[in-house]
Amino acid sequence: MITLDAVRQHAAAAPHRVAVDDGDEALTWTELADRVESVRAWLTRSLDTDEAHRAMVVAGNSVRVVVATAALASLGIPWVGVDPERDGATIGEQLAAVDPTFIVVDSSLPNLPHDFWPRWGDTAVLLDLVAFPAFDTRVTHYLAAAEGEHQPAPWVQPPFSALGFTSGTTGTPKLFIRRKRTENQRIALLRDRFGFGPGDSFLITSPLAFASGHVWAGAALALGAAVRLGPPDPEAAVEVLAEERLTGAFLVPPFLDRVLEAATTTHRDADLTALRFLLTGGRHISPRTIEQTRARLGDLLHAYYATTETGINTLADPADLAAAPYAAGRFMPGITVRALDPDTLAELPAGRVGLLAIDSAFALDAYVHRPLGTVDIAGRRHILTSDYGYLGDDGLLYITARSEPGLDVVRVEGVIKEDPAVRDVCVTSGLDGAGTGAVAVVVLRPGLAPELRQRALVRAGEVLGRYAGPARVTEVERIPYNSAGKVALLVLREEVGVRVGAA
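Since this is a predicted model, take the numbers as computed values, not measurements. (Residues numbered from 1 in each chain as written. Predicted model: local features only at pLDDT ≥ 70, side-chain atom pairs only at ≥ 80, totals over all residues. Heavy atoms only, no water.)

Draft legend 1. Examining the overall build of the protein chain more closely. Summing up its helical and strand segments, the protein chain has 14 helices and 26 strands in all. Radius of gyration (C-alpha) of the protein chain: 23 Å, near the 23 Å computed for a compact globule of 503 residues. With the C-alpha coordinates of the protein chain rotated into their principal frame, the extents come out at 70 × 50 × 45 Å. The burial tally for the protein chain puts 57% of its 503 residues in the buried class. Restricting to contacts in the protein chain with at least 6 residues of sequence separation, those with at least 24 account for 64%. Counting only carbon and sulfur atoms, one obtains 51% of the accessible surface of the protein chain, whose full area is about 20700 Å². (Helix = DSSP H or I, 4+ residues; strand = E, 2+ residues; numbered from the N terminus. Rg over C-alpha atoms; globule rule 2.2 N^0.38 Å. Buried < 20%, exposed > 50% of the residue type's maximum accessible area, 1.4 Å probe, protein only. Contact = heavy atoms within 4.5 Å. Areas by Shrake-Rupley, 256 points an atom, 1.4 Å probe, with all protein chains shown as cover.)

Following this line, the structure appears as structure tokens:
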């Protein structure tokens, strides 16, 4: 997140220009500087200067979260967010993994761990975004409002470090530590490729708890652009893009599909011509999404492949996506991706599908509570992912699947989506717990005639069968995604596993 010094620089250049807006509250650069400065001063007086601090944010997107995290960043205190939509038990496990000394919390969240207040009230300073002022139960009295006037106490800036969690699609998110500033990668991308800066505005609908939220927000703010924390409703997002004339946006693929659906139906007349570029990442996209974006918005879609552990690895621009819609893009500066034999970890030639290993200048240092899988190639540390793919002769990286070495999931889903009756699809295996082959989980468009519905399901099975042999198809009303745009596989297995197993 942006620091106070950077906020002050932008405030000097454009004091009355809006810096951040969440739809309910907006702050100019001057107002943001004042509030960050107050909270920073309050923190220096509330936290023990001799302690190695770790902070957590348990809250949804808001201007107040930006203020609090900017104050933390200004003091060099590493912080990490948790997805506020997670269940209380998972949030509790994440809190225990970090063992924070300071917690920013929205006490109105319905899914806080049941023991949150007694468990953390005696060991951490708690800053409630709803109930201001904050309180520190170690001194058992309420403090003055954090955004009041405070004289800062002396503070020794620690060496830079950052905490983060993986997305946790198959279990509890894993905690890691990183000592490289990944926002520098995104700052360079926004500035050098898009000429992004003061006067621009950037829509972010992902939670600031995820790197795909707060790192993009921090990068845009660092360049002097305004950040609009967007609504989670796709129709409302189209309205915000049109009415506020936003010039850039980051949307995870499932949300992008819903935004395009709204922009081509109920909001087909919305003026989106101010938008200069659109970024998407976190999950693969289909050729249909690429074509719909081009038809509605023009050639402005850029898709990237990233992992929590390594940052952005590849980027596909509009020309790449037009020529090779299944490609994940070209290597970013400071990144090398190799396809390895999963058994021997020997490097494979171009065109051969293998386990992907990534050498990244922005890689994490280590997981906190488990070993990090790495392999040394040509004297360089490469992080082993769970993704499979290959390097094409065209210089592009192609992702085929996550944890599915024998199936090109990306292509299968894309071909199934060529049927206009299919609204969404997820191809995976092991939904019944037996690992008995691939399953296409299909969402069909509402209102289809019975014969069209049956035809779409049969075709989905035929497509999957061409790639995976014996195939099964099951229909659901929706595919569950987490806030980072990834399929929530545990939820999917709970919802459809029994049905698939009995098929």
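Still more to cover.
Draft legend 2. Fine view of the packing of helix H12 (residues 409-416) against helix H13 (residues 450-468). Two numbers describe how H12 lies on H13: the axes approach to 9 Å, and their chain directions differ by 155°. As summarised for this structure, H12 and H13 are arranged roughly antiparallel, according to the angle between their axes. Of the two elements, H12 crosses H13, and the hand of that crossing is right-handed. Where H12 approaches H13, its residues Arg411, Val412, Val415 and Ile416 are matched on the opposing element by Arg459, Ala460, Val463, Leu464, Arg466 and Tyr467. Of the residues contributing to the contact of H12 with H13, the split by class is seven nonpolar, no polar and three charged. (Axes fitted to C-alpha atoms, helices over the stretch in contact; angles between N-to-C directions. Parallel < 35°, antiparallel > 145°, perpendicular 65-115°, else oblique. Left-handed = near helix turned anticlockwise from the far one by under 90°. Nonpolar A, V, L, I, M, F, W, Y, C, P; charged D, E, K, R; others polar.)

Draft legend 3. Structural detail: the pattern of salt bridges. Counted by the stated rule, this structure contains 23 salt bridges. The partner of Arg8 in a salt bridge is Glu37, and the shortest N-O contact between them spans 2.8 Å. Of this pair, Arg8 sits in helix H1 (residues 4-13) while Glu37 is found in helix H2 (residues 29-46), placing the two residues 29 residues apart along the sequence. Arg245 is the salt-bridge partner of Asp271, the closest N and O atoms lying 3.1 Å from each other. Of this pair, Asp271 sits in the loop between helix H9 (253-263) and strand E14 (277-281) while Arg245 sits in the loop between helix H8 (234-243) and strand E13 (248-250), and the two are 26 residues apart along the sequence. Given a relative accessible area of 39%, Asp271 falls into the partly exposed group. Classification of Arg245 by relative accessible area gives partly exposed; the value is 38%. One network of salt bridges, in which partners are shared, links Asp5, Arg8 and Glu37. (Salt bridge = Lys/Arg side-chain N within 4 Å of Asp/Glu carboxyl O.)

Draft legend 4. Here's a closer look at the sheet that holds strand E26 (residues 472-475). The strand order E24-E25-E26 describes an open sheet built from three strands, whose pairing is mixed. For this open sheet the edge positions go to strand E24 (422-429) and E26, each flanked by a neighbour on one side alone. Adjacent strand axes in the sheet meet at a mean angle of 25°, parallel and antiparallel pairs treated alike. The pairing of E24 with strand E25 (residues 438-444) spans seven bridges and is classified as antiparallel. Its bridge partner being in E25, Asp424 is matched across the sheet by Val443. (Pairing = 2+ DSSP bridges.)

Draft legend 5. Main features of the pairing of strand E3 (residues 55-58). A two-sided burial pattern is seen for E3, the buried positions comprising Ala55 and Val57 on one face and Met56 and Val58 on the other. In this fold, the crossover linking E3 to strand E4 (residues 79-81) by way of helix H3 (residues 63-75) has right-handed handedness. The pairing of E3 with strand E5 (residues 102-105) spans four bridges and is classified as parallel. Looking across to E5, one finds that Val57 is bridged to Val104. (Right-handed = clockwise from strand over helix to strand, strands pointing away.)

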